[in-house]
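What the coordinates show
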Amino acid sequence: MKSMNRRIGIGVAWNMINLLASKGASTVFLLLLAKFLAPDAFGLIAMTTVVFELANVFVASGLGTAVIRSKSISVLDLNTVFYTNLGISIFAYTAIFISAPYVATFYSQPELTSLIKVMGLIVFINAAKIIQSAILSRDMDFKTLMKANTIATLLSGTLAVTAAYCDWGVWSLVVLMVSQALISASILWLASSWRPQLRFSGESFSRLFAFGRNLLGEGLLSVVFQNSYVLVIGRFFSAEITGLYFFARKINDLISHQLTGAVQQATFPALSTLQDDYQILKHKYRQIMQLMMFMIAPIMLLLAALSFRVVDLLFDEKWLGATPYLQLLCVVGLLYPIHALNVNLLNVIGRSDLVFKVGLFKKTVSLLLLFLALPHGVIGIVWSQVIASFLALLPNTYFSKKLVGYSLAEQLRDVVKPVFAAVLGSSVAGLLASVLALNPYLILLLTVCCGVFCYLISSFWLRAEGLLLIFDRLSRRVERE
């Protein structure tokens, strides 16, 4: 157990460094690009992402996750997955190329045709690096993954900002996304000793796809669901409004999704070795849930309370229209770790079939709410996301209780203390921001510091489990030294 804790701890540490380095750099480049570009440029990119994200789901097809999860994997398995992904990527890009003019007509944006055809190349690039990423994840070599992502982010960001400075407009965002995928894939190939051989096995494909096919279905549902908001907003509203929504969602995803993903990526290979011991698995997931919510709750709620000042200071007044969307999406981001960890738990124990069924139910409800909200404008659409996120707690936690005994009530008890403490801290920060008459940058610094201090004091007073776990780990390390 100590060995398992150490492996998870090292993996999470490297993924956190990856998050701070690569995603932190991404945020900086996003800030710089927002200074140069107008919201409608982000809107056009948002419209194109729907197409190639769908294609990327087909390329991944759940086989990469199946490789990571398998207790043993052969060279023949790796070759089979590689050539399967490569074949699917050819099919996917062909579909993208043919559909590009029709997508442009759907949105009434002629410029989308060429944008989609160029950005579709990312499908090939991502297909080429899936095996390398899977092998490194199986070996828990997150240090190499961190280096690849960080270098790719820094180089692609520099290229994109240079392109924006040279008045490339929306194409600077294309430069960012394509070059980041290409550089990352190149580094992973250089770092990995595995090379494809001309070998393919129908048995390997059938065995791995038996697990991956459900993830493919869930992935398709997730992409359609996540991008349905952009699709609907882009179809019925302007590119500028689409860009404001996309921008707000991007900031939310950079924090909630990436932080949760960093922990999931580090814990999934290790926890997969415990897939048959439900008691220990539940114990580990409770700890992960407590730690995740202790980290994410204050970030999301402080961002919600101070969103107007953050956008006003770090961006430009042309982006202030994104703040109402950002505030509501912060609530969605607050709940995201609960959803993601429950789905991850089902994947660890090999029940990808349940992941697909639960996903189908959730997405159906969410899409129904989306279309009911359409007459109420974009703010109504974002509210539908908040409502859908709360409703999704029920199906997401149902099978966690049934399979490992981790019920919704127990999960809420694990997260209520950090959320309550974060509400107190963000309320203090928001109140101070409204009454202080100082330099705007100084106000932001003071309110964040006061909010964090209040959060930590409240967490200590409430004896939040996440804080206690951190204290326990630190005290044990001090005792060993």
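Just above sits the structure.
Now for a look at the structure at hand. (Residues numbered from 1 in each chain as written. Predicted model: local features only at pLDDT ≥ 70, side-chain atom pairs only at ≥ 80, totals over all residues. Heavy atoms only, no water.)

To continue, consider the pattern of salt bridges. Under the counting rule described, the total for this entry stands at three salt bridges. For the salt bridge of Glu 410 with Arg 286, the shortest nitrogen-to-oxygen distance reads 3.3 Å. You can see Glu 410 sitting in helix H17 (residues 408-435) and its partner Arg 286 sitting in helix H11 (residues 278-305), a full 124 residues away along the chain. Exposure remark for Glu 410: the relative accessible area of 11% places this residue in the buried category. Residue Arg 286 is classed as partly exposed on the basis of its relative accessible area of 27%. Between Lys 417 and Glu 465 there is a salt bridge, with the nearest N and O atoms lying 3.5 Å from each other. Placement of the pair is Lys 417 in helix H17 and Glu 465 in helix H19 (residues 465-480), with a sequence separation of 48 residues. (Salt bridge = Lys/Arg side-chain N within 4 Å of Asp/Glu carboxyl O. Helix = DSSP H or I, 4+ residues; strand = E, 2+ residues; numbered from the N terminus. Buried < 20%, exposed > 50% of the residue type's maximum accessible area, 1.4 Å probe, protein only.)

Now for helix H13 (residues 323-348). Because an α-helix packs 3.6 residues into every turn, residues spaced three or four apart end up facing the same way. The end-to-end C-alpha distance of H13 is 37 Å, a good match for the 38 Å that 26 residues give at a rise of 1.5 Å each. The largest bend in H13 comes to about 35°, at Leu 335, with the proline Pro 337 one to four residues further on. For H13, the tally of buried residues reaches 21 of 26 residues, placing the bulk of the element in the interior. One or two positions beyond H13, positive phi appears at Gly 350, with a value near 85°. (Expected span 1.5 Å × (residues − 1). Bend = angle between axes of the 7 residues up to and from the residue.)

What follows concerns a nonpolar patch on the surface. On the surface, Phe 460, Leu 468, Ile 470, Phe 471 and Leu 474 cluster together to form a nonpolar patch covering roughly 460 Å² of accessible area. When you line up the elements, Ile 470 lands in helix H19. (Patch = residues over 30% accessible without salt bridge, like charges linked within 9 Å, V, L, I, M, F, W, Y side chains within 5 Å. Areas by Shrake-Rupley, 256 points an atom, 1.4 Å probe, with all protein chains shown as cover.)

Our next topic: the nonpolar core. Generally speaking, a soluble globular protein has its nonpolar side chains buried in company with each other. Counting 100 residues, the largest nonpolar core has Leu 33, Leu 112, Tyr 245, Phe 247 and Trp 319 as its most contacted members. Among all residues touching Leu 33, those that are not within four sequence positions of it are Ala 160, Val 161, Ala 164, Ser 172, Leu 173 and Leu 176. (Core = buried A, V, L, I, M, F, W, Y, C linked by side-chain atoms within 4.5 Å. Contact = heavy atoms within 4.5 Å.)

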